[in-house]
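Each chain, written out:
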Amino acid sequence: MIDARGLACPTPVLMTQKEIAQNSPVALEVLVDNHSARENVKRFAESAGYTVSVAEEGGDYRLTLTK
């Protein structure tokens, strides 16, 4: 799991990109706390071949990436 809450873009995307490059996970959860990070991580993950589902949890967003 990547906890990128409190971090401004592009940091959440870079963290996600690094995890995918190093470990090629079949599934990955990313926590963010703002709309732009949610959209940017989602867009990157989809371009990397992942399906992304988003759940809002008390102002935070949990993105579940699956291959």
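You'll find the structure just up there.
Now for a look at the structure at hand. (Residues numbered from 1 in each chain as written. Predicted model: local features only at pLDDT ≥ 70, side-chain atom pairs only at ≥ 80, totals over all residues. Heavy atoms only, no water.)

So, the pairing of strand β3 (residues 51-57)
Note the following rule: Any two strands are treated as partners once DSSP identifies two or more bridges connecting them. In this text, helices come from DSSP runs of H or I with a minimum length of four residues, and strands from runs of E with a minimum of two, each type numbered from the N-terminal end.
Relative to strand β4 (residues 60-66), β3 is paired through seven bridges, and the arrangement is antiparallel. Each bridged residue has a counterpart across the sheet, and for E57 the counterpart in β4 is D60.

Structural notes on helix α1 (residues 11-23)
Keep this limit in mind: Residue count minus one, scaled by 1.5 Å, sets the expected span of a helix. To sort residues, take the accessible area from a 1.4 Å probe on protein chains only and compare it with the maximum for the residue type: under 20% means buried, over 50% means exposed, and anything in between is partly exposed. By definition, the arc is the one covered by directions from the helix axis to the C-beta atoms. Contact definition: two residues touch when any of their heavy atoms are within 4.5 Å.
The end-to-end C-alpha separation of α1 is 18 Å, in line with the 18 Å expected for 13 residues at 1.5 Å each. What α1 keeps buried is the set P12, V13, T16 and I20. Buried residues of α1 fall within an arc of 100° about the axis and therefore sit on the same side. Residues of α1 that are exposed and point more than 90 degrees away from the buried face comprise K18, A21 and Q22. Of the surrounding secondary structure, the elements contacted by the buried residues of α1 are β1 (2-3), β2 (27-32), α2 (35-47) and β4. Phi for S24, located one or two positions after α1, is positive at around 40°.

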